[in-house]
Amino acid sequence: MVNLRELYRLDAVVNENKNIVIELLQHILATDKTICRCEHCILDIIAITLNDLPPRYRVGLIGTIDFDVDAETQYLEKVQDGLYHAIMRVTENPHHLITLNQKKY
Ligand SMILES: [Zn+2]
């Protein structure tokens, strides 16, 4: 069997969404101090946001070929909306409570 991991730099295929979600979340956290910053909540917020977005893979070795400012602005707004939706979901039903409750037993 051909081992693609040995032959090719598969790490070069990246989902751009992840970096953008992290970047935008940092901005939101800087201004909204009410959001829980524990690892459970932050990772849940990122995972929920990424699951709700269509994947946006590109090959890192080549970089972005075309760049449409309007499309990019709309995309960033979509990511931001997704983030706020995820923050609301995690804030209403945080995972950290389950972990803390489990530790009591
Ligand atoms: Zn938390």
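Heads up: the structure comes first, above all this text.
Reference entry: report on the structure contained in this document. (Residues numbered from 1 in each chain as written. Predicted model: local features only at pLDDT ≥ 70, side-chain atom pairs only at ≥ 80, totals over all residues.)

## Side note on helix 2 (residues 16–31)
Structural remark: α-helix, 3.6 residues per turn; residues separated by three or four positions point the same way.
Okay, step 1: In a regular helix each residue adds 1.5 Å, so 16 residues correspond to 22 Å; helix 2 covers 24 Å between its end C-alpha atoms and thus fits that length.
Okay, step 2: For helix 2, the full list of buried residues reads N17, V21 and L25. For helix 2, the buried positions fall inside an angular range of 60 degrees around the axis, keeping them on one side. With respect to the buried face of helix 2, the exposed residues turned more than 90 degrees away are N19, E23, Q26, H27 and A30.
Okay, step 3: Tucked inside the fold, the buried residues of helix 2 contact strand 1 (13–15), helix 3 (39–52) and helix 4 (69–92). (Helix = DSSP H or I, 4+ residues; strand = E, 2+ residues; numbered from the N terminus. Expected span 1.5 Å × (residues − 1). Buried ≥ 20, exposed ≤ 12 C-beta atoms within 10 Å, placed from the backbone. Arc of directions from axis to C-beta. Contact = placed C-beta atoms within 7 Å.)

## A short note on the packing of helix 2 against helix 4
Okay, step 1: As a packed pair, helix 2 and helix 4 sit with axes 10 Å apart at the nearest point and diverge in direction by 65 degrees. Both helix 2 and helix 4 take part in a crossing whose hand is right-handed. Listed contacts from helix 4 to I20, V21, L24, L25 and I28 of helix 2 are V79, Q80 and L83. (Axes fitted to C-alpha atoms, helices over the stretch in contact; angles between N-to-C directions. Left-handed = near helix turned anticlockwise from the far one by under 90°.)

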